[in-house]
Amino acid sequence: NAGVTQTPKFQVLKTGQSMTLQCAQDMNHNSMYWYRQDPGMGLRLIYYSASEGTTDKGEVPNGYNVSRLNKREFSLRLESAAPSQTSVYFCASSDWENGYTFGSGTRLTVV
Amino acid sequence: QKEVEQDPGPLSVPEGAIVSLNCTYSNSAFQYFMWYRQYSRKGPELLMYTYSSGNKEDGRFTAQVDKSSKYISLFIRDSQPSDSATYLCAMKDTGGFKTIFGAGTRLFVKA
């Protein structure tokens with residue numbers, strides 16, 4: 001099925017560890033996004049990529065880095081995980097004329 | 001003040017009821033308005049997408065936008081237990097790539 005695929009689905013990290021969240025879309029969308037979702041806070045934009053080769057900061061970029069590897073793939077890296085980064089992370093893609101297509105999310109716990 | 005305000009609920013209604021979900025916003029530049037539905041432990045999925053003011057109907061769902069009041073609504077007719085989910089409003093301006101989300105309203109439809 002066409003859509004957005006995120007890996008892993010679950011992850012537990014110790015404070016200070018690093019990890020990369022992977023995202024791939026097969027909808028031929030130009031734009032891709034990383035959001036985090038926390039109770040009572042809604043979805044907050046971490047980074048986005050308007051097109052292949054470009055990335056920009058969103059509302060909460062501190063502690064994260066991203067790579068737009070090609071048109072299909074957009075990864076999110078935590079260099080030194082902190083408990084405040086415990087959250088559910090969603091990747092999304094869009095073709096601008098329509099809304100977002102979201103992945104199923106990664107549940108990250110930092111202990 | 002948040003750019004988008006949405007009552008978190010929860011909202012509990014009996015099966016068959018008409019449900020009204022609402023959001024207010026402060027940025028008059030918003031032109032595109034969306035509603036997403038999110039089931040527990042899933043990614044959000046696009047439900048309705050409208051441009052500027054007016055109404056849009058799709059089956060049991062009607063989206064309304066009142067730009068003069070900076071107020072948007074989603075109505076669900078003949079609500080079903082399968083409508084039980086969190087509903088997020090979202091909006092963006094014409095020139096931007098970033099969509100701003102409300103915190104979401106949890107809806108429970110009782111059989």
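What you see is a predicted model; the values in this text were computed from it and never measured.

What counts as what
Residues numbered from 1 in each chain as written. Chains lettered and ligands numbered in written order. Predicted model: local features only at pLDDT ≥ 70, side-chain atom pairs only at ≥ 80, totals over all residues. Heavy atoms only, no water. Pairing = 2+ DSSP bridges. Helix = DSSP H or I, 4+ residues; strand = E, 2+ residues; numbered from the N terminus. Contact = heavy atoms within 4.5 Å. Buried area = accessible area lost by both parts, 1.4 Å probe. Salt bridge = Lys/Arg side-chain N within 4 Å of Asp/Glu carboxyl O. Nonpolar A, V, L, I, M, F, W, Y, C, P; charged D, E, K, R; others polar. 1 Å grid on protein atoms, 1.4 Å probe; cavity = no way out; pocket = protein on both sides within 12 Å on 5 of 7 lines; lining within 4 Å. Points joined across faces, edges and corners; volume = space filled by probe spheres on them. Axes fitted to C-alpha atoms, helices over the stretch in contact; angles between N-to-C directions.

A closer look at the pairing of strand E8 (residues 71-76) of chain B
Residue and element names in this part refer to chain B. In this sheet, E8 lies alongside strand E3 (residues 19-25) in antiparallel orientation, the contact comprising six bridges. Bridge pairing in E8 links Cys23 to Ile72. Alignment of strand E7 (residues 61-66) against E8, held across six bridges, turns out to be antiparallel. Within E8, the position partnered with Val65 by the bridge is Ile72.

Side note on the interface of chain B and chain A
Contacts between chain B and chain A engage 22 residues on the former and 22 residues on the latter. Carbon and sulfur atoms make up 57% of the surface buried where chain B meets chain A, a total of about 1,700 Å² over both sides. For the chain B face of the interface with chain A, the top three residues by lost area are Arg41(B), Phe97(B) and Phe101(B), together amounting to 33%. Where chain B meets chain A, there are zero salt bridges. Looking at the side of chain B that touches chain A, the elements with two or more residues in it are strand E4 (30-38), strand E5 (45-51) and strand E9 (85-93) of chain B. Considered class by class, the residues forming the side of chain B that touches chain A number nine nonpolar, seven polar and six charged.

What about the layout of surface pockets?
Here the largest pocket defines a volume of roughly 790 Å³. What lines the largest pocket is a set of 30 residues, and nearest its centre among them are Gln37(A), Arg107(A), Gln38(B), Ser40(B) and Arg41(B). Secondary structure elements with two or more residues in the lining of the largest pocket: strand E4 (31-38), strand E9 (87-94) and strand E11 (106-110) of chain A together with E9 and strand E11 (105-110) of chain B. Volume-wise, the second largest pocket comes out at about 350 Å³. If you list the elements that add at least two residues to the lining of the second largest pocket, you get strand E5 (42-49) of chain A together with strand E10 (100-101) of chain B. It is E5(A) that contributes the most residues to the lining of the second largest pocket, three residues altogether.

Concerning the sheet that holds E7(B)
Sheet strands line up and pair through hydrogen bonds in the backbone, either parallel or antiparallel. All names here are of chain B. A sheet is described by the order of its strands in space; here five strands give the open sequence E1-E3-E8-E7-E6, paired in antiparallel fashion. With partners counted over all chains shown, the strands left at the sheet margins are strand E1 (4-6) and strand E6 (54-58), one partner each. Here the average twist between neighbouring strands, direction ignored, is 15°. Pairing analysis gives five bridges linking E6 to E7, with the strands arranged antiparallel.

These results come straight from atomic positions and should not be treated as a statement about function.
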